[in-house]
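Each chain, letter by letter, is given below.
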Amino acid sequence: MKNKEIKITKGEWLNQPCHEGIEVYVEGMAIARIPKTKENEEEAEANAKLICASPELLESVQNFLGIFDTPIARRKFGHSEFFNETIEIARKALKKATE
């Protein structure tokens, strides 16, 4: 199954420090700014890394659901509570990212 094309900024997502915190750039264009203070430095850096990884994470969730959210996979693994919970988490994450 082919993944639905989602309109996100194409290119490599990178983060760079700025005077107000951390900015996320794609193709030289700032798309996000994360405020950073001494109190939230680690959290701000982790958030910037997560934002930069989001295109790949989105694609991996789509691929995961394309393989495992199918009748065949549900027949084989559907008895597993872990499997069902993981499918539900992936569905919610994809919905959150696309709706």
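Conventions used here
- Residues numbered from 1 in each chain as written.
- Predicted model: local features only at pLDDT ≥ 70, side-chain atom pairs only at ≥ 80, totals over all residues.
- Heavy atoms only, no water.
- Salt bridge = Lys/Arg side-chain N within 4 Å of Asp/Glu carboxyl O.
- Buried < 20%, exposed > 50% of the residue type's maximum accessible area, 1.4 Å probe, protein only.
- Helix = DSSP H or I, 4+ residues; strand = E, 2+ residues; numbered from the N terminus.
- Expected span 1.5 Å × (residues − 1).
- Bend = angle between axes of the 7 residues up to and from the residue.
- Contact = heavy atoms within 4.5 Å.

Engineer: Looking at this structure, I do not really get the pattern of salt bridges. What am I missing?
Structural biologist: Two side chains with opposite charge may pair up if their charged atoms get near one another. A complete count under the given rule lists six salt bridges for this structure. Residue D69 is joined to R74 by a salt bridge in which the shortest nitrogen-to-oxygen separation is 2.7 Å. Take D69: its relative accessible area is 21%, and that puts it in the partly exposed class. Measuring nitrogen to oxygen at the nearest pair gives 3.5 Å for the salt bridge that ties R91 to E88. Highlighted residues: R91 and E88, both in helix α3 (residues 81-98), separated by three residues, approximately one helical turn. Taken together, the shared-partner salt bridges connect D69, R74, E88 and R91 into one network.

Engineer: Got a minute to help me understand helix α1 (residues 41-68) in this structure?
Structural biologist: Residues spaced three or four apart along an α-helix face the same direction, because each turn holds 3.6 residues. For α1, built from 28 residues, the straight-helix expectation of 40 Å at 1.5 Å per residue is met to within 8% by its first-to-last C-alpha distance of 37 Å. Largest kink in α1: about 55°, centred on S54, with the proline P55 one to four residues after it. A44, A48, C52, P55, L58, Q62 and L65 are the residues of α1 that are buried. Those residues of α1 that are buried lie in contact with β1 (13-18), β2 (21-26), β3 (29-35) and α3.

Worth remembering: the numbers are spatial, not functional.
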